[in-house]
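Survey of secondary and tertiary structure
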Amino acid sequence: MTEATFKSETRANHPALMDAAAFRKASIQSFTKLAPRHLLRSPVMAVVMAGTLLSALIALFGRGSAAFAWTVTLILLLTVLFANFAEAVAEARGRGQAASLRNARRDLIARKLENDGEHPLPASQLHPGDLVIVSEGELIPADGEIERGIATINESAVTGESAPVLREAGTDRSGVIGGTKVLSDEIVVRVTAEPGHSFLDRMIALVEGANRQKTPNEIALTLLLAAMALTFLIVVATLPALAAFVGVQVDPLLLVALLVCLIPTTIGGLLPAIGIAGMNRALSANVLAKSGKAVEVAGDVDVLLLDKTGTITFGDRQATAFHPLAGIDTALLRDAALLSSLADPTPEGKSIVRLARDLKSAVTEPDHAHYLQFTAQTRMSGVDVDGRVIRKGAGDAIGAHVIALGGQVVPELAARIAQIARSGATPLVVAEGKHILGLVELSDVVKQGVKEKFARLRAMGVRTVMITGDNPLTAAAIAAEAGVDDYIAEARPEDKLARIRTEQAGGRLVAMVGDGTNDAPALAQADVGLAMNSGTQAAKEAGNMVDLDSDPAKLLAVVEVGKQQLITRGALTTFSLANDVSKYFAILPAIFAAAIPQMAVLNVMALSSPRNAVLAALIFNALIIPALIPLALRGVRFKPASAVSLLRRNMLVYGVGGVLLPFVGIKLIDLLLSAVTGA
């Protein structure tokens, strides 16, 4: 694999709001988004734009003050532009995050394997099923699965993580991504993606918003805003007739101002930006959400299904103690376990050797020994040396081995196995000849901070279920230590799917993690399926999210991102509806106070004049949109709490705050206008 240039960049996890170039581009897009086709996507902004055009006509052909009419027109136009700017800024941040991904996509030359050998051809001509060979120092030309070989790969162009990862054929870590670099060895890859539809292509399209679709909640809120806009439009349209009935003539320009202040322009302007920002925040956590719906559903999840290994525990069991049976010397057990593990390449075997050496074992590696490797069939490993037959493995497998040699399994063994299992560790039995010497305790350490994370989820009303292949005693002990709510012991892949369907039948939303082909059905069934980037192509296709770091514990962060998304939209919707209250106290007296003196009591802010009152309300209405852009993009700060507590906090901060802040803001703007105009 060759290329002209390749540059790997680490994606910033906390990018600035925008740079100068992005600001200029977003400003230009604010005007291009004035196209009717785009404006009609937001009913509220479409009404404001219609009001802008109407006020411009009034300025041109009306009988009143042209300067006042043009000022209103300009403020209304700025309101629409600010809303467009908020969406453009969110899109710009997405494009910035996609920039580093493009660096991994280059015009590559692949070495395609055919019957008569290797043939170079452009990677853009590869198709699913093609076999390509990739050697050390070369770039993988297309997405695929490793057919043969094992290699370390630099995926920093995609994940932002500089540490190389190991990929191996025939495992759940066989998936590779086009544009990543092979650092060692040589692999044969079977292509799984059509040109233009690679993982990177889809990531870039999703991140840039090209394929973004509105989420169900966003659609529902848009319909609600449309209904409110239509209702207020009807109310305002009937006001002249009602006013004429009591002998009041209403200025059409003031009716336009009233309509704009009545409809929820703040959330109408920020709604698209909030949706885009949710997906961007997920990507900042190195999680690719295939749709905004996936992020949103993560915030509503009721149950998390978590694999024990890698998510709750580190997954590399370590020898922590030797337990000799009655009458057996500890040194004899220690040295026998060490001899049986000298050629054991597993982390468990290496940890036994390390523990034995730490306990001062002086045994050296024998010159002539026959080592037996562990297999799924025998479920034990060992060594034959100098007439000694030493084996270590599962309790029942070693028991059967000893009985076959004419020995006996003492009752003490079962009690010791149960004791170790209850502590959350795994017992490994060691025997020499027809005698059982004792047990090695293997402990899989629970990750630090996991219990606190589960407590946070519990506070949010999310229930956690641990899935493990361990026996029930071990599973119960680890579940208690980790603080999960439930567990499934001795689980098979089909058990995950069955549990998901059971939970969903009870009306609950379920999230799970998976990386293997056998996880694909459960990932597809789950409401939120987080696939590992290192996993198989089938798993990544089945899930609706992909973790670029391949960290199963990332599911906990995904839930918090989803909840922050929902809370942000709810908070800003509450604020938008609340801050309309103060505008009524500014606009209504301006319209009716002259003809109906009793309406003057509504002028609680003591605004200087009707015109200044209208301008102050409209200016505040416009300025609040760009002022809230950082909050919409960053998201409301999330703290685990019950739904009732979150609602109470929402109403207090954004409801009461939304009512009070505009009173202050409109009054300050009125004072400024009064000072400038002298009115």
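Definitions and cut-offs
Residue indices follow the written sequence of each chain, beginning from 1 at its first position. For this predicted model, a pLDDT threshold of at least 70 governs which residues receive local features, and a threshold of 80 or more governs which side-chain atom pairs are given and counted, while totals over whole chains, interfaces and linings are taken from all residues. For the side-chain quantities, the full set of heavy atoms in the structure was used; hydrogens and water were omitted. The helix and strand labels rest on DSSP assignments: H or I over at least four residues marks a helix, E over at least two residues marks a strand, and numbering proceeds from the N terminus. Given a helix with a known number of residues, its expected span is that number minus one, times 1.5 Å. Only protein chains enter the accessibility calculation, which uses a 1.4 Å probe. A residue is then buried if its area is under 20% of the maximum for its type, exposed if over 50%, and partly exposed in between. Residues are treated as being in contact if the distance between any of their heavy atoms lies within 4.5 Å. Side-chain atoms within 4.5 Å are what join buried Ala, Val, Leu, Ile, Met, Phe, Trp, Tyr and Cys residues into a set we call a nonpolar core. Note that the domain bounds were set by an automatic or database domain assignment. For two strands to be treated as a pair, DSSP must find at least two bridges joining them. Throughout, an axis means a line fitted to C-alpha atoms (over the contacting stretch in the case of helices), and angles, computed between N-to-C directions, take values from 0 to 180 degrees. For this classification, under 35 degrees means roughly parallel, over 145 means roughly antiparallel, 65 to 115 means roughly perpendicular, and everything else is oblique. Under the scheme applied, nonpolar residues are Ala, Val, Leu, Ile, Met, Phe, Trp, Tyr, Cys and Pro; charged residues are Asp, Glu, Lys and Arg; polar residues are all the others, including Gly. What counts as buried area is the accessible surface, traced by a 1.4 Å probe, that two parts surrender upon association, with contributions from both included. Here, a salt bridge means any Lys or Arg side-chain nitrogen found within 4 Å of an Asp or Glu carboxyl oxygen. Whenever two N or O atoms come within 3.5 Å, that pair is a polar contact, provided that in protein one can donate a hydrogen and the other can accept it, and provided that, for residues adjacent in sequence, both atoms are side-chain atoms.

Notes on helix H7 (residues 216-245)
Look at H7: 44 Å from first C-alpha to last across 30 residues, which is about the 44 Å you get at 1.5 Å a residue. Residues of H7 that are buried include every one of Glu 218, Leu 221, Thr 222, Leu 225, Ala 229, Phe 232, Val 236, Leu 239 and Ala 243, and no others. Where the residues of H7 are buried, they touch helix H3 (43-61), helix H8 (252-262), helix H9 (265-284), helix H10 (292-299), helix H21 (554-578) and helix H22 (580-592). Just downstream of H7, Gly 247 is the residue with a positive phi angle, here 80°.

Some words on the nonpolar core
Membership of the largest hydrophobic core comes to 117 residues, with the highest contact counts inside it found for Leu 270, Leu 304, Ile 312, Phe 454, Met 545 and Leu 618. If one sorts the elements of this core by residue count, helix H23 (residues 610-634) sits on top with 15 residues. Counting only domains with at least three residues in this core, you end up with domain 1 (20-95 + 207-281 + 560-677) and domain 3 (287-312 + 447-548).

Some words on the environment of Ser 576
When you line up the elements, Ser 576 lands in helix H21. Along the primary structure Ser 576 and Pro 240 are separated by 336 residues, whereas in three dimensions their C-alpha atoms are 27 Å apart. When residues no more than four places from it in sequence are discounted, the contact partners of Ser 576 are Pro 264, Thr 265, Thr 266 and Ile 267.

Concerning the sheet that holds strand E21 (residues 528-532)
Ordered by their spatial adjacency, seven strands build an open sheet running E10-E22-E21-E20-E11-E18-E19, and the pairing between neighbours is mixed. Each of the sheet's edge strands pairs with one partner strand only, and the pair in question is strand E10 (287-289) and strand E19 (486-488). Strand after strand, the sheet turns through a mean of 20° between neighbouring axes, direction not considered. Pairing of E21 with strand E22 (residues 545-547), which is carried by three bridges, proceeds in the parallel orientation. Residue pairing across strands places Leu 530 opposite Met 545, the latter belonging to E22.

Description of the packing of helix H15 (residues 411-422) against helix H17 (residues 472-482)
H17 packs onto H15 with a crossing angle of 25° between their chain directions and a minimal axis gap of 7 Å. Classified by the angle their axes make, H15 and H17 are roughly parallel. Across the interface between the two elements, Ala 418, Ala 421 and Arg 422 from H15 touch Leu 473, Thr 474 and Ala 477 from H17. In the contact of H15 with H17, the residues fall into four nonpolar, one polar and one charged.

Let's talk about the pairing of strand E17 (residues 435-443)
Counted residue by residue, E17 has eight buried out of nine residues, so it is predominantly covered. The sheet contact formed by strand E12 (residues 318-324) and E17 spans six bridges and is antiparallel. Its bridge partner lying in E17, His 323 is registered against Leu 439. Linking two consecutive strands that pair antiparallel, namely strand E16 (residues 426-432) and E17, is a turn of two residues; a positive phi of about 60° is found at Gly 433 within it.

With respect to the domain arrangement of the chain
According to the domain assignment, the chain consists of domain 1 (20-95 + 207-281 + 560-677), domain 2 (109-195), domain 3 (287-312 + 447-548) and domain 4 (314-445). If you average the C-alpha positions of domain 1 and of domain 3, the two centres end up 41 Å apart. For the pair domain 1 and domain 3, the two sides together bury roughly 1400 Å², of which 63% comes from carbon and sulfur. Taken as a group, Met 279, Lys 563 and Pro 640 account for 38% of the area that domain 1 buries against domain 3, more than any other trio of residues on that side. At the surface where domain 1 touches domain 3, the tally comes to two salt bridges. Glu 296 is paired through a salt bridge with Arg 569; the nearest N and O atoms lie 2.3 Å apart. Our count for the domain 1 to domain 3 interface comes out at three residue pairs in polar contact (both at pLDDT 80 or more). Elements with a minimum of two residues in the side of domain 1 that touches domain 3: H7, H9 and H21.

As for unusual backbone geometry
One non-glycine residue, Asp 185, lies in the positive phi region at around 65°. Mapped onto the fold, Asp 185 is located in the loop between strand E8 (181-182) and strand E9 (186-191). If you check the backbone angles, Ala 606 has positive phi at about 50° while not being a glycine.

With respect to helix H18 (residues 493-505)
The end-to-end C-alpha distance of H18 is 19 Å, a good match for the 18 Å that 13 residues give at a rise of 1.5 Å each. Taken as a whole, H18 has its buried residues at Asp 495, Lys 496, Leu 497, Arg 499, Ile 500 and Glu 503. Residues of H18 that are buried sit in contact with strand E11 (303-307), strand E18 (463-467), E19, strand E20 (510-514) and helix H19 (520-525). Phi for Gly 507, located one or two positions after H18, is positive at around 85°.

Describing the pattern of salt bridges
Enumeration according to the criterion identifies 22 salt bridges in this entry. We note a salt bridge from Asp 384 to Arg 391, for which the minimum N-O separation is 2.9 Å. Judged by its relative accessible area of 7%, Arg 391 falls in the buried class. Where Asp 486 meets Arg 499, a salt bridge forms, and the shortest distance between an N and an O atom there is 2.9 Å. Note that Asp 486 is positioned in strand E19 and Arg 499 in helix H18, a separation of 13 residues in sequence. Bridged by salt links that share partners, the residues Arg 463, Asp 486, Arg 499, Glu 503 and Arg 508 form one connected network.

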